[in-house]
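Observations on chain architecture
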Amino acid sequence: MPSFDLVIRNGLVFDGAGSPGVRCDVGVKDGKVAAFSVEPLAAEGAQIVDATGKWVLPGFVDVHTHYDAEVLAGTGLGESVRHGVTTVLYGNCSMSAVYVEPDDAADLFARVEALPWDAVHGLLKEHKDWTGPKAYREAIERLPLGCNVSTFIGHSDIRVAVLGLGRATDTEYRPTKAELDRMRTMVADALDAGFVGLSTDRLRFSKLAGTRFAGAQLPSTYATWREYALLYDVVREKGGVVQSNLDVSKRTETIKHFLQSAGGLLGRLRRRKPLKTSLLAAFDLKSDRNVIRLLKLVTGFVNPAIGSDVSFQLLTAPFHLYSDGVDLVIFEEFASGTAALDIRDRVERGEFMKSEDYRREFRKDMAKKFGVNAWNRDFYDTEIVSCPDESVVGKSFGQVADERAAREGGPVQPVDAFLDLVSAYPGDVRWHTTVANDRADELGRSMAYKWFQLGNNDSGAHLRNFGFYNAPLRALKLVKDAQEAGKPFMSLQAAVRRLTGELGEWYGLDAGLLRLGGRADIAVVDPAGLDSSLEAYHEEYAPVFGVSRIVNRNDAAVAATVVGGKVVYRYGEFAEGFGTTLKAGTFLAGQGPRKDERRLPGAA
C-alpha cells in the first residue's frame, strides 16, 4: 500500500495557528494529515498536487452562510468550495430549518434572505424526514457533502415550533413558563446533538415572506430580553456560541448584548465564563464613517472592563450591492421601501410606486439624515447595469436626472428619476452601488482589529444582490497588495490564522488548523491569481433555486481544494461525482476549545 493517498508537493505551508510559512511537503492518509517534511515525501501510488510557488493553507472557514435549504439539493456547495472554503456555518440570524414545517421555513427565509419562496418550500417539503436536531444531523451526514458543515439552531425556528407563527409574531403575546421551558429544552437538545450554538435576531427590518403574516418581523425580534437570557443561559452552560443582529435604531441594545455576554452581576464578579457572542456587523459605512470607529471603541473598552466576549463580523471586501428595482434589503430600512416590498407582484408594485402619495413619502424617507442607515441614499453614487431603456445604461440615476433636466428645461430630482424608471420597468432596472468597506486602508486596519471576526459573507443568500463566496481570497489579496506597496498592516501568517484557525477555535470546531493527525481540509492558493479577477461580476444559473445568481469566478486563485483528504476541486474543475456521489465533507460538531498541536517543521 502507498504511504500516502495524497502528497501536496513543495508549497509554502501555513498551519493556521499563526506560525510563519514553511516550504515543505504535506502527506495525507485516510483523510488525515500524516506528515510534514522539508525533504520530498515518497509519493508512489499517491495523488500529487504540485504546490510550487503556491500557499498551502488550512481550508477557509465561512462562519456566516444561509445554506440551510441549498445543502439539501446542492450538496456540494460548490460556490464556496471553488474558493478554498472547506467548512461552512449556517443557521445564522435566528433562522434554521430543524423544527419548523416547510411553509414556516419558507416564510422565515424568503424575504429577509432574498431566496425564492417556492424553492425553499419545495426543498424542505421534498427532503425533510427528520424530527429534532439529532435526526437532522443524521440526515445531513448522509448527504454527499462537498465541504464540512456546521450549524446554529435558530431562535425563530424554535419560537415558531413552540408558539406557532401567529403567536410568535404577536407583539402582545408572552410565552408561558411551560413554553419557555420547552424552548430551553430544544436549545439544549440541539447543542447536545453537536450544534454550535443559538442564533437570534434583533433587526427591525428582518421581515417574513408568504401570504399569512407577510411584512411581520422575524419571530426572534418579538422576544423579550428575559426570554433571551433564559435561552442564553443554556448556551453558556453547554459551552456554545450566540450569533445575533443589532437593532441599530436602539443604541442601548448594543450594551445589552455585552451584559448578556458577561452574565448576571457582570459574570458574578467575573468568575463566570463569558458567553461568546458574534454580532452583525462591522461596516465602514459611506453613510456614517464614525460607525466603524465607534464599534472599535466600544468593544475595546467594554469587553475587558466587564469580562464580556463580543465580536462583530467583518466582510473583508467592499460591500457592493446589486438590485432589480427595489428588491434589496436596504429598502427595508424605511417605511416607504417596506411598503413597496410588501407587494410581491412586480407589476402591481410598479403601479403603486407611480402614485404621487407614495412618491411623496418616498422622497421624505430619502431626505432623512438622522439615524443609522446602511445606504447613503446618494443616487449619483449608483450605476444602472441594465434597463429596457438602453439610453440610461452605464449612468447613475443622478446623471439621468441631470440629462432630463437639461432636455426639459426644469429641475429633475435624482430620486424622481429613480422612481420613474423602477415604476415604469418593475423588476427590470438593474443597478448597483457600494455602501461600505470602500476604503482599502480602513478595511485593512479593521481586519487586524482583535474584536472583529472575518466573516459576514452571507454565502448562499441574497442571490441577486451580491456574492462574497471569495471574501477570504479578497482578504489575502488585500494583505498581499499592502505588503507589495510597502504598507503592510498584517503578516500573511496572521491573516491565515484569522481566516482559519482563529474561527475554528472560537466556534469550537475541528477546522482551520493543519496538524498531524488532524483533518486534511486544505486550500492550495496560487498568489498569482490574487488579482483584479476577484472583483469581477459574474452570474450563473442556480438550478437549486431556478434563478440566475451572482457568483464569483476567479479560477486562477485556487489551485486545489482538499476536503477530508480528497481533492474536490482544481483550477475551475470539480472532481468527478462532486455533489452527487463523492462524499468529502461531514457534519462538524461544536466541541469546545481544542488543543493547538502545531507540528510544522520549525514551528514553535
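What you see is a predicted model; the values in this text were computed from it and never measured.

For the rest of this paragraph, the subject is the domain arrangement of the protein chain. By the assigned domains, the protein chain splits into domain 1 (60-320 + 437-513) and domain 2 (322-435). In this structure, domain 1 and domain 2 have C-alpha centres spaced 30 Å apart. Domain 1 puts 18 residues into the contact, and the matching count from domain 2 is 22 residues. When domain 1 packs against domain 2, close to 2,000 Å² is buried across both sides, 49% of that on carbon and sulfur atoms. When the area that domain 1 buries against domain 2 is broken down by residue, the three leading residues are Arg111, Lys286 and His320, summing to 31%. Along the contact surface separating domain 1 from domain 2 lie five salt bridges. For arginine 111, the salt bridge goes to glutamate 332, with nearest N and O atoms at 2.7 Å.

Moving on, we get to the sheet that holds strand β15 (residues 383-386). Pairing within the open sheet is antiparallel, and its three strands lie in the order β14-β16-β15. Where the open sheet ends on each side, the last strands, each with one partner, are β14 (319-324) and β15. For this sheet, the mean angle separating the axes of adjacent strands, direction not counted, is 35°. Across six bridges, the pairing between β14 and strand β16 (residues 430-436) is antiparallel. Of the residues in β16, the one forming a bridge with leucine 321 is threonine 433.

Looking now at unusual backbone geometry. For the peptide bond that leads from leucine 280 to alanine 281, omega is -5°, which places it in the cis range. With respect to the helices and strands, the residue alanine 281 is situated in strand β12 (residues 276-282). Even without glycine at this site, aspartate 30 takes up a positive phi of about 55°. Checked against the element boundaries, aspartate 30 lands in the loop between β2 (22-29) and β3 (32-37). Owing to a relative accessible area of 62%, aspartate 30 belongs among the exposed residues under this scheme. The backbone phi angle of alanine 114 is positive, close to 55°, even though this residue is not glycine. You can see alanine 114 is positioned in the loop between α2 (102-109) and α3 (117-127).

On to the pattern of salt bridges. In total, this model carries 51 salt bridges according to the counting rule given. A salt bridge links aspartate 25 to arginine 9; its shortest N-O distance comes to 2.5 Å. Here the residue aspartate 25 occupies a position in strand β2, and arginine 9 occupies one in strand β1 (residues 6-13), the gap between them amounting to 16 residues. Across the pair aspartate 107 and arginine 212 runs a salt bridge whose closest N-O atoms are separated by 2.7 Å. Of this pair, aspartate 107 sits in helix α2 while arginine 212 sits in the loop between β10 (197-199) and α7 (225-238), and the two are 105 residues apart along the sequence. The exposure class assigned to aspartate 107 is buried, which follows from its relative accessible area of 1%. Look at arginine 212 and you get partly exposed, because its relative accessible area is 41%. A single network of salt bridges, built from pairs that share partners, joins Glu356, Arg359, Arg363, Arg404, Glu408, Asp416 and Asp420.

The next point concerns the UniProt feature "domain: Amidohydrolase" (unreviewed entry) in the protein chain. As recorded in UniProt, the feature "domain: Amidohydrolase" (unreviewed entry) lies at residues 47-202. Helix makes up 40% of residues 47-202 and strand 17%. Its end C-alpha atoms lie 49 Å apart.

Attention shifts here to the layout of surface pockets. Where empty space is left becomes clear once a probe the size of a water molecule has been rolled over the atoms. One number sums up the size of the second largest pocket: a volume of about 710 Å³. Lining the second largest pocket we find 31 residues, and of these Ala110, Ala114, Leu115, Asp327 and Arg344 sit closest to its centre. For the lining of the second largest pocket, the secondary structure elements donating two or more residues are α3, β14 and α12 (346-354). A total of three residues in the lining of the second largest pocket trace back to one element, the largest contributor, which is α3.

Before going further, it helps to spend a moment on α7. A rise of 1.5 Å per residue sets the reference length of α7, with its 14 residues, at 20 Å; its end C-alpha atoms lie 20 Å apart and thus fit the reference within 8%. Residues of α7 that are buried: Trp225, Glu227, Tyr228, Leu231, Tyr232, Val234, Val235 and Arg236. Lining the buried residues of α7 we find α5 (155-168), α6 (177-192), β10, β11 (241-245) and α8 (252-262). Positive phi shows up at glycine 239, right after α7, with a value of about 75°.

Examined against the element boundaries, serine 446 turns out to sit in helix α16 (residues 440-447). Residue class for serine 446 comes out buried when judged on its relative accessible area of 1%.

Quick look at helix α14 (residues 397-408) now. Spanning 12 residues, α14 covers 16 Å between terminal C-alpha atoms, matching the ideal 16 Å at 1.5 Å per step. All buried positions along α14 are accounted for by Phe397, Gly398, Val400, Ala401 and Ala405. Summarising the axial view, the buried residues of α14 lie within an arc of 160°, below the 170-degree limit, and thus occupy one face. Across from the buried face of α14, at angles greater than 90 degrees, the exposed residues are Ala406 and Arg407. Those residues of α14 that are buried are in contact with β15, α15 (414-424) and β16. In the stretch just after α14, glycine 409 is the one whose phi turns positive, near 75°.

Calculation notes
- Residues numbered from 1 in each chain as written.
- Predicted model: local features only at pLDDT ≥ 70, side-chain atom pairs only at ≥ 80, totals over all residues.
- Heavy atoms only, no water.
- Domains from an automatic or database assignment.
- Contact = heavy atoms within 4.5 Å.
- Buried area = accessible area lost by both parts, 1.4 Å probe.
- Salt bridge = Lys/Arg side-chain N within 4 Å of Asp/Glu carboxyl O.
- Pairing = 2+ DSSP bridges.
- Helix = DSSP H or I, 4+ residues; strand = E, 2+ residues; numbered from the N terminus.
- Axes fitted to C-alpha atoms, helices over the stretch in contact; angles between N-to-C directions.
- Buried < 20%, exposed > 50% of the residue type's maximum accessible area, 1.4 Å probe, protein only.
- UniProt positions renumbered as here; feature names shortened; annotations may be inferred.
- 1 Å grid on protein atoms, 1.4 Å probe; cavity = no way out; pocket = protein on both sides within 12 Å on 5 of 7 lines; lining within 4 Å.
- Points joined across faces, edges and corners; volume = space filled by probe spheres on them.
- Expected span 1.5 Å × (residues − 1).
- Arc of directions from axis to C-beta.

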